[in-house]
Amino acid sequence: MTDMVEPAVIMDTFVQGVGRVEEISKNLFRVSYFANQRAYDGSQERVCVAKFIVTFETMLAMSQATVKHTEISDEVLFGPTGSAAVN
């Protein structure tokens, strides 16, 4: 497969979580994503900001890619000596 191309600009959408996963047919899912915002009355609300239609394999690949890119080593957390310093 070739590298991914972007022939037209695709806007970034900030999301804070998965709101809903619906199976719409065998091996096909609608995944709704939300972002938090302050409502007019001052309370917090989750607003749907994006929906993707994906296969199970795509959901699994997205999950694996996210975990791979967010792994944090002990060295990052505690420094090269392996001991955390608390100020």
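We now turn to the structure provided with this report.

Conventions adopted
- Residues numbered from 1 in each chain as written.
- Predicted model: local features only at pLDDT ≥ 70, side-chain atom pairs only at ≥ 80, totals over all residues.
- Heavy atoms only, no water.
- Pairing = 2+ DSSP bridges.
- Helix = DSSP H or I, 4+ residues; strand = E, 2+ residues; numbered from the N terminus.
- Axes fitted to C-alpha atoms, helices over the stretch in contact; angles between N-to-C directions.
- Buried < 20%, exposed > 50% of the residue type's maximum accessible area, 1.4 Å probe, protein only.
- Contact = heavy atoms within 4.5 Å.
- Salt bridge = Lys/Arg side-chain N within 4 Å of Asp/Glu carboxyl O.

Strand order in the open sheet formed by three strands is 1-2-3, and the pairing between neighbours is antiparallel. Strands at the two margins of the open sheet, each flanked by one partner only, are strand 1 (17–25) and strand 3 (44–55). Strand-to-strand twist of the sheet, defined as the mean angle between neighbouring strand axes without regard to direction, takes the value 20 degrees. Pairing geometry for strand 2 (residues 28–38) and strand 3, over eleven bridges, is antiparallel. Looking at strand 3, one finds that Q37 is bridged to E45.

With respect to the secondary-structure elements, I53 resides in strand 3. Under the relative-accessibility criterion, I53 is labelled partly exposed at 48%. The spacing of I53 and E23 is 30 residues in sequence and 9.6 Å in space, taken between C-alpha atoms. Sequence-distant contacts of I53, that is, excluding residues within four places in its chain, are made with I24, L28, F29 and R30.

As enumerated under the stated definition, the model contains one salt bridge in all. A salt bridge links R30 to E22, with the shortest nitrogen-to-oxygen separation between them at 3.6 Å.

Assignment of secondary structure puts S32 in strand 2. If near-sequence neighbours (up to four positions away) are discounted, S32 is found in contact with G17, V18, G19, R20, E22, C48, A50 and K51.

Sheet topology note: the strand 1/strand 2 ladder contains seven bridges and is antiparallel. By the bridge assignment for strand 2, V18 is matched with Y33.

Our next topic: unusual backbone geometry. Trans peptide bonds make up most of the peptide bonds, and negative phi angles are found at most residues other than glycine. For N27, which is not glycine, the phi dihedral falls at a positive 65 degrees. Structurally, the position occupied by N27 is in the loop between strand 1 and strand 2.

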